[in-house]
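Examining the three-dimensional arrangement
Below, each chain spelled out in residue letters.
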Amino acid sequence: MRTVAPVSELQALVHEAERPLGFVPTMGALHAGHAALVRRCRNECATTVVSIFVNPLQFGQGEDLERYPRTPEADQALLQELQCDVLFMPSAREVYPAGRRRRVSAGPLGEILEGAARPGHLDGVATVVATLFDMVEPDRAYFGRKDAQQLAVVEALAREWERPLEIVPCDIVRDLDGLALSSRNAYLKPAEREQALGLSGGLHRAERAWREGLRDAAELEVLARSPGLHYDYALCVDPAGFGAPRPGGPLLLVVAARMAGVRLIDNILLGGQQPAESGWVCRQT
Ligand code: PAF
(Lines give C-alpha, C1' and ligand atoms only; values in the text may rest on other atoms or scores of the structure.)
Protein backbone atom coordinates (compact mmCIF):
# COMPACT_ATOMS: atom_id res chain seq x y z
CA MET A 1 0.00 0.00 0.00
CA ARG A 2 1.26 3.47 -0.87
CA THR A 3 0.34 6.24 1.56
CA VAL A 4 0.36 9.72 0.03
CA ALA A 5 -0.57 13.18 1.21
CA PRO A 6 0.08 15.64 -1.66
CA VAL A 7 -2.51 15.65 -4.45
CA SER A 8 0.27 15.66 -7.06
CA GLU A 9 1.59 12.32 -5.72
CA LEU A 10 -1.90 10.86 -5.60
CA GLN A 11 -2.55 11.88 -9.18
CA ALA A 12 0.72 10.40 -10.42
CA LEU A 13 -0.35 7.06 -8.94
CA VAL A 14 -3.94 7.34 -10.15
CA HIS A 15 -2.91 8.07 -13.73
CA GLU A 16 -0.81 4.91 -13.87
CA ALA A 17 -3.31 2.75 -11.98
CA GLU A 18 -5.12 -0.20 -13.46
CA ARG A 19 -8.81 0.42 -14.10
CA PRO A 20 -11.50 0.19 -12.91
CA LEU A 21 -10.37 2.29 -10.01
CA GLY A 22 -12.59 2.10 -6.92
CA PHE A 23 -12.67 4.78 -4.24
CA VAL A 24 -13.72 4.61 -0.58
CA PRO A 25 -13.78 8.08 1.02
CA THR A 26 -13.65 8.03 4.84
CA MET A 27 -12.95 10.24 7.81
CA GLY A 28 -10.83 7.53 9.44
CA ALA A 29 -11.46 5.82 12.81
CA LEU A 30 -12.13 2.83 10.62
CA HIS A 31 -14.41 0.01 11.76
CA ALA A 32 -15.88 -3.14 10.27
CA GLY A 33 -18.35 -1.08 8.21
CA HIS A 34 -15.46 0.64 6.43
CA ALA A 35 -13.68 -2.70 6.07
CA ALA A 36 -16.76 -4.07 4.27
CA LEU A 37 -16.64 -1.14 1.81
CA VAL A 38 -12.94 -1.70 1.15
CA ARG A 39 -13.39 -5.48 0.72
CA ARG A 40 -16.18 -4.95 -1.79
CA CYS A 41 -14.12 -2.36 -3.64
CA ARG A 42 -11.15 -4.76 -3.73
CA ASN A 43 -13.39 -7.52 -5.13
CA GLU A 44 -14.84 -5.35 -7.86
CA CYS A 45 -12.00 -3.05 -8.90
CA ALA A 46 -8.43 -3.45 -10.15
CA THR A 47 -7.23 -0.58 -7.94
CA THR A 48 -8.55 0.49 -4.54
CA VAL A 49 -7.98 4.01 -3.23
CA VAL A 50 -9.10 4.97 0.29
CA SER A 51 -9.01 8.52 1.62
CA ILE A 52 -8.88 9.59 5.24
CA PHE A 53 -9.78 13.21 5.75
CA VAL A 54 -11.74 14.70 8.64
CA ASN A 55 -13.61 17.31 6.66
CA PRO A 56 -14.08 20.53 8.68
CA LEU A 57 -16.75 21.80 6.28
CA GLN A 58 -19.26 19.15 7.30
CA PHE A 59 -19.08 19.94 11.02
CA GLY A 60 -21.33 22.69 12.37
CA GLN A 61 -20.45 25.11 15.15
CA GLY A 62 -20.28 23.33 18.48
CA GLU A 63 -20.09 19.91 16.83
CA ASP A 64 -17.33 17.38 17.48
CA LEU A 65 -14.67 18.36 14.90
CA GLU A 66 -11.94 18.65 17.51
CA ARG A 67 -12.72 15.46 19.38
CA TYR A 68 -13.72 13.36 16.34
CA PRO A 69 -11.86 10.04 16.85
CA ARG A 70 -8.54 9.92 15.00
CA THR A 71 -6.72 6.57 14.86
CA PRO A 72 -4.26 6.87 11.96
CA GLU A 73 -1.92 4.01 12.94
CA ALA A 74 -4.74 1.48 13.44
CA ASP A 75 -6.40 2.70 10.22
CA GLN A 76 -3.21 2.21 8.22
CA ALA A 77 -2.67 -1.26 9.67
CA LEU A 78 -6.24 -2.29 8.80
CA LEU A 79 -6.00 -0.94 5.26
CA GLN A 80 -2.68 -2.70 4.76
CA GLU A 81 -4.30 -5.94 5.90
CA LEU A 82 -7.21 -5.34 3.51
CA GLN A 83 -4.70 -4.86 0.68
CA CYS A 84 -5.76 -1.35 -0.18
CA ASP A 85 -3.51 -0.04 -2.98
CA VAL A 86 -3.39 3.66 -2.20
CA LEU A 87 -4.18 5.51 1.02
CA PHE A 88 -4.69 9.23 0.48
CA MET A 89 -4.32 11.29 3.68
CA PRO A 90 -4.36 14.91 2.57
CA SER A 91 -4.04 17.94 4.82
CA ALA A 92 -6.83 20.52 4.96
CA ARG A 93 -4.60 22.82 2.90
CA GLU A 94 -4.34 20.23 0.11
CA VAL A 95 -8.09 19.79 -0.05
CA TYR A 96 -9.02 23.43 0.40
CA PRO A 97 -6.11 25.55 -0.85
CA ALA A 98 -6.20 29.12 0.39
CA GLY A 99 -8.09 31.44 -1.92
CA ARG A 100 -9.94 28.66 -3.76
CA ARG A 101 -13.42 28.81 -2.32
CA ARG A 102 -15.19 26.03 -4.15
CA ARG A 103 -18.53 25.15 -2.59
CA VAL A 104 -20.93 22.50 -3.83
CA SER A 105 -24.58 22.60 -2.80
CA ALA A 106 -26.45 19.49 -1.76
CA GLY A 107 -29.61 21.15 -3.15
CA PRO A 108 -33.03 20.76 -1.49
CA LEU A 109 -31.98 17.39 -0.01
CA GLY A 110 -29.44 19.31 2.04
CA GLU A 111 -32.18 21.18 3.85
CA ILE A 112 -34.40 18.45 5.23
CA LEU A 113 -33.92 15.87 8.02
CA GLU A 114 -30.13 15.71 8.57
CA GLY A 115 -29.77 18.99 6.68
CA ALA A 116 -32.34 20.69 8.90
CA ALA A 117 -30.78 19.32 12.10
CA ARG A 118 -27.23 20.10 10.95
CA PRO A 119 -27.41 23.16 8.67
CA GLY A 120 -24.63 23.13 6.05
CA HIS A 121 -23.59 19.56 6.87
CA LEU A 122 -24.66 18.01 3.58
CA ASP A 123 -23.27 20.95 1.56
CA GLY A 124 -19.96 20.26 3.34
CA VAL A 125 -20.20 16.59 2.39
CA ALA A 126 -21.07 17.45 -1.23
CA THR A 127 -18.14 19.86 -1.42
CA VAL A 128 -15.53 17.44 -0.08
CA VAL A 129 -16.83 14.46 -2.06
CA ALA A 130 -16.85 16.47 -5.32
CA THR A 131 -13.33 17.72 -4.55
CA LEU A 132 -12.08 14.21 -3.77
CA PHE A 133 -13.75 12.79 -6.90
CA ASP A 134 -11.86 15.41 -8.94
CA MET A 135 -8.58 14.37 -7.32
CA VAL A 136 -9.03 10.59 -7.38
CA GLU A 137 -10.93 10.30 -10.70
CA PRO A 138 -12.61 7.03 -9.69
CA ASP A 139 -14.73 4.76 -11.90
CA ARG A 140 -16.68 3.56 -8.86
CA ALA A 141 -17.15 4.95 -5.37
CA TYR A 142 -18.40 3.01 -2.35
CA PHE A 143 -20.72 4.48 0.30
CA GLY A 144 -22.60 2.94 3.20
CA ARG A 145 -26.40 2.98 3.36
CA LYS A 146 -26.39 4.11 6.99
CA ASP A 147 -25.93 7.71 5.87
CA ALA A 148 -28.88 7.37 3.52
CA GLN A 149 -29.27 11.07 2.84
CA GLN A 150 -25.55 11.49 2.20
CA LEU A 151 -25.79 8.59 -0.25
CA ALA A 152 -28.68 10.29 -2.07
CA VAL A 153 -26.70 13.55 -2.28
CA VAL A 154 -23.65 11.73 -3.66
CA GLU A 155 -25.77 9.82 -6.18
CA ALA A 156 -27.20 13.12 -7.44
CA LEU A 157 -23.66 14.53 -7.66
CA ALA A 158 -22.45 11.52 -9.66
CA ARG A 159 -25.32 11.86 -12.15
CA GLU A 160 -23.98 15.31 -13.05
CA TRP A 161 -20.36 14.21 -13.12
CA GLU A 162 -18.45 14.87 -16.33
CA ARG A 163 -16.93 11.36 -16.28
CA PRO A 164 -18.91 8.12 -15.90
CA LEU A 165 -18.95 7.31 -12.21
CA GLU A 166 -20.87 4.51 -10.54
CA ILE A 167 -21.91 4.96 -6.91
CA VAL A 168 -22.05 1.59 -5.18
CA PRO A 169 -24.33 1.62 -2.11
CA CYS A 170 -23.25 -0.91 0.52
CA ASP A 171 -25.30 -2.41 3.30
CA ILE A 172 -25.31 -1.11 6.84
CA VAL A 173 -23.00 -3.20 9.01
CA ARG A 174 -24.26 -3.74 12.53
CA ASP A 175 -22.69 -4.90 15.72
CA LEU A 176 -23.79 -8.31 16.92
CA ASP A 177 -26.53 -6.70 19.04
CA GLY A 178 -27.89 -4.71 16.07
CA LEU A 179 -26.33 -1.26 16.67
CA ALA A 180 -25.26 0.22 13.33
CA LEU A 181 -21.49 0.70 13.30
CA SER A 182 -20.34 4.31 13.45
CA SER A 183 -17.06 5.93 14.43
CA ARG A 184 -19.10 8.05 16.88
CA ASN A 185 -20.21 4.94 18.82
CA ALA A 186 -16.79 5.24 20.48
CA TYR A 187 -18.14 8.21 22.46
CA LEU A 188 -20.78 6.09 24.19
CA LYS A 189 -20.27 4.71 27.69
CA PRO A 190 -21.51 1.12 28.14
CA ALA A 191 -24.85 2.16 29.70
CA GLU A 192 -25.42 4.77 26.97
CA ARG A 193 -24.58 2.25 24.29
CA GLU A 194 -27.12 -0.13 25.82
CA GLN A 195 -29.78 2.58 25.56
CA ALA A 196 -28.70 3.48 22.04
CA LEU A 197 -29.70 -0.02 21.00
CA GLY A 198 -33.26 1.31 21.11
CA LEU A 199 -32.57 2.95 17.75
CA SER A 200 -32.01 -0.29 15.82
CA GLY A 201 -34.49 -2.09 18.12
CA GLY A 202 -37.23 0.32 17.04
CA LEU A 203 -36.43 -0.22 13.36
CA HIS A 204 -36.51 -3.96 13.90
CA ARG A 205 -39.93 -3.66 15.56
CA ALA A 206 -41.29 -1.63 12.66
CA GLU A 207 -39.80 -4.06 10.15
CA ARG A 208 -41.51 -7.00 11.88
CA ALA A 209 -44.83 -5.15 11.79
CA TRP A 210 -44.26 -4.38 8.09
CA ARG A 211 -43.63 -8.06 7.39
CA GLU A 212 -46.86 -8.88 9.22
CA GLY A 213 -48.74 -6.54 6.89
CA LEU A 214 -48.75 -3.09 8.57
CA ARG A 215 -48.50 -0.43 5.82
CA ASP A 216 -49.53 2.74 7.64
CA ALA A 217 -46.49 5.05 7.69
CA ALA A 218 -47.61 6.96 10.79
CA GLU A 219 -48.08 3.74 12.78
CA LEU A 220 -44.71 2.42 11.65
CA GLU A 221 -43.09 5.69 12.76
CA VAL A 222 -44.67 5.36 16.22
CA LEU A 223 -43.46 1.75 16.48
CA ALA A 224 -39.94 2.82 15.53
CA ARG A 225 -39.60 5.17 18.52
CA SER A 226 -38.08 3.46 21.55
CA PRO A 227 -38.56 4.96 25.01
CA GLY A 228 -35.59 6.69 26.61
CA LEU A 229 -34.19 8.09 23.35
CA HIS A 230 -34.50 11.73 22.26
CA TYR A 231 -35.55 11.45 18.63
CA ASP A 232 -35.00 14.27 16.16
CA TYR A 233 -37.14 12.33 13.74
CA ALA A 234 -38.52 8.89 12.95
CA LEU A 235 -40.00 9.22 9.50
CA CYS A 236 -41.06 7.12 6.54
CA VAL A 237 -39.93 8.69 3.26
CA ASP A 238 -39.86 7.69 -0.37
CA PRO A 239 -36.42 6.07 -0.85
CA ALA A 240 -36.17 7.83 -4.21
CA GLY A 241 -35.73 11.48 -3.28
CA PHE A 242 -36.80 11.47 0.39
CA GLY A 243 -40.24 12.97 -0.37
CA ALA A 244 -43.57 11.73 0.94
CA PRO A 245 -43.93 7.96 0.38
CA ARG A 246 -45.88 6.94 -2.71
CA PRO A 247 -49.08 4.99 -2.02
CA GLY A 248 -48.22 1.29 -2.14
CA GLY A 249 -44.53 2.11 -2.74
CA PRO A 250 -41.51 1.17 -0.67
CA LEU A 251 -40.70 3.11 2.48
CA LEU A 252 -37.37 4.16 3.84
CA LEU A 253 -37.77 4.49 7.60
CA VAL A 254 -35.13 6.95 8.76
CA VAL A 255 -34.38 7.74 12.40
CA ALA A 256 -32.07 10.13 14.24
CA ALA A 257 -31.69 10.44 17.99
CA ARG A 258 -29.36 12.01 20.51
CA MET A 259 -27.82 9.93 23.24
CA ALA A 260 -25.62 11.73 25.79
CA GLY A 261 -24.87 14.43 23.20
CA VAL A 262 -24.01 11.89 20.49
CA ARG A 263 -26.10 12.06 17.35
CA LEU A 264 -27.00 8.62 16.03
CA ILE A 265 -28.75 7.82 12.77
CA ASP A 266 -30.07 4.61 11.27
CA ASN A 267 -32.60 3.47 8.69
CA ILE A 268 -34.27 0.48 7.12
CA LEU A 269 -35.87 -0.09 3.74
CA LEU A 270 -39.37 -1.55 3.93
CA GLY A 271 -40.49 -3.11 0.67
CA GLY A 272 -39.05 -2.29 -2.73
CA GLN A 273 -35.87 -3.85 -3.97
CA GLN A 274 -34.02 -5.10 -0.93
CA PRO A 275 -30.26 -4.68 -1.01
CA ALA A 276 -28.52 -7.69 -2.54
CA GLU A 277 -26.60 -8.40 0.65
CA SER A 278 -29.84 -8.52 2.74
CA GLY A 279 -31.08 -5.87 5.13
CA TRP A 280 -29.67 -6.79 8.53
CA VAL A 281 -25.97 -7.58 8.34
CA CYS A 282 -23.91 -8.06 11.47
CA ARG A 283 -20.20 -7.55 11.45
CA GLN A 284 -17.89 -10.47 10.95
CA THR A 285 -16.14 -11.50 14.13
O1 PAF B 1 -19.30 9.28 5.53
C2 PAF B 1 -18.23 9.85 5.78
O3 PAF B 1 -17.33 9.31 6.42
C4 PAF B 1 -18.01 11.27 5.28
O5 PAF B 1 -19.18 12.00 5.30
C6 PAF B 1 -17.35 11.32 3.88
C7 PAF B 1 -18.24 10.70 2.82
C8 PAF B 1 -16.02 10.61 3.92
C9 PAF B 1 -17.10 12.78 3.49
O10 PAF B 1 -16.28 13.41 4.39
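Quick caveat, the model's predicted, so the values are computed rather than measured.

Some thoughts on the packing of aromatic side chains
- If you walk through the whole model with that rule in mind, you get five aromatic pairs.
- Both rings, one in Phe133 and one in Phe143, keep their centres 6.4 Å apart while their planes meet at 85°; by these two values the pair is edge-to-face. Here Phe133 is found in helix α6 (residues 121–136), whereas its partner Phe143 is found in strand β5 (residues 140–144), with 10 residues between them in sequence.
- What makes Phe133 buried here is its relative accessible area of 1%.
- The buried category is assigned to Phe143, whose relative accessible area is 4%.
- On the numbers, 5.5 Å between centres and 80° between planes, the contact of Phe133 with Trp161 is edge-to-face. One end of the pair, Phe133, is in helix α6; the other, Trp161, is in the loop between α7 (148–159) and β6 (166–170), with 28 residues separating them in the sequence. Exposure class is identical for Phe133 and Trp161. Each is buried.
- Feature note: the residues Phe23, Phe133, Phe143 and Trp161 constitute an aromatic cluster, connected by ring pairs.
- The ring of Tyr187 is capped by Arg67, whose NZ or CZ atom sits 3.9 Å from the centre of that ring.
- Between Arg215 and the ring centre of Trp210, over which it is positioned, the NZ or CZ distance is 3.6 Å.

Some thoughts on the pattern of salt bridges
- This structure, assessed with the given rule, holds 15 salt bridges.
- The salt bridge partner of Arg102 is Asp134, with a shortest N-O separation of 3.0 Å. Residue Arg102 is found in the loop between α4 (92–95) and α5 (114–117), and its partner Asp134 is found in helix α6; the two are separated by 32 residues along the sequence.
- Owing to a relative accessible area of 35%, Arg102 belongs among the partly exposed residues under this scheme.
- Looking at Asp134, the relative accessible area reads 31%, which means it is partly exposed.

A closer look at the nonpolar core
- Leu10, Val129, Phe133, Phe143, Ile167 and Phe242 are the most contacted members of the largest nonpolar core, which has 46 residues in total.
- Within the residue set of this core, elements represented by two or more residues are α1 (7–16), β2 (21–26), β4 (86–88), α6, β5, α7, β8 (230–237) and β9 (251–259).
- The biggest single contributor to this core is α6, with 10 residues.
- Within the second largest apolar cluster, 29 residues are counted, among which are Leu188, Tyr231, Ile268 and Leu270.

A closer look at empty space enclosed by the protein
- The final tally for this structure, using the stated rule, is three cavities of 30 Å³ or more.
- Here the largest cavity is characterised by a volume of approximately 810 Å³.
- Of all the secondary-structure elements, those providing two or more residues to the lining of the largest cavity are β2, α2 (32–44), α6, β5, α7 and β10 (262–270).
- For the lining of the largest cavity, the element with the most residues is α6, which contributes six residues.
- Of the volumes computed, that of the second largest cavity is approximately 80 Å³.
- Along its surface, the second largest cavity is lined by 13 residues, and Ala148, Gln149, Tyr233, Val254 and Ile265 are the ones closest to its centre.
- Going through the elements one at a time, α7, β9 and β10 are the ones with two or more residues in the lining of the second largest cavity.
- Residue composition of the lining of the second largest cavity, grouped by class: seven nonpolar, two polar and four charged.

Basis of the calculations
Residues numbered from 1 in each chain as written. Predicted model: local features only at pLDDT ≥ 70, side-chain atom pairs only at ≥ 80, totals over all residues. Heavy atoms only, no water. Phe/Tyr/Trp six-rings, centres within 6.5 Å; stacked < 30°, edge-to-face > 60°. Helix = DSSP H or I, 4+ residues; strand = E, 2+ residues; numbered from the N terminus. Buried < 20%, exposed > 50% of the residue type's maximum accessible area, 1.4 Å probe, protein only. Lys NZ or Arg CZ within 6 Å of the ring centre and 35° of its normal. Salt bridge = Lys/Arg side-chain N within 4 Å of Asp/Glu carboxyl O. Core = buried A, V, L, I, M, F, W, Y, C linked by side-chain atoms within 4.5 Å. 1 Å grid on protein atoms, 1.4 Å probe; cavity = no way out; pocket = protein on both sides within 12 Å on 5 of 7 lines; lining within 4 Å. Points joined across faces, edges and corners; volume = space filled by probe spheres on them. Nonpolar A, V, L, I, M, F, W, Y, C, P; charged D, E, K, R; others polar.

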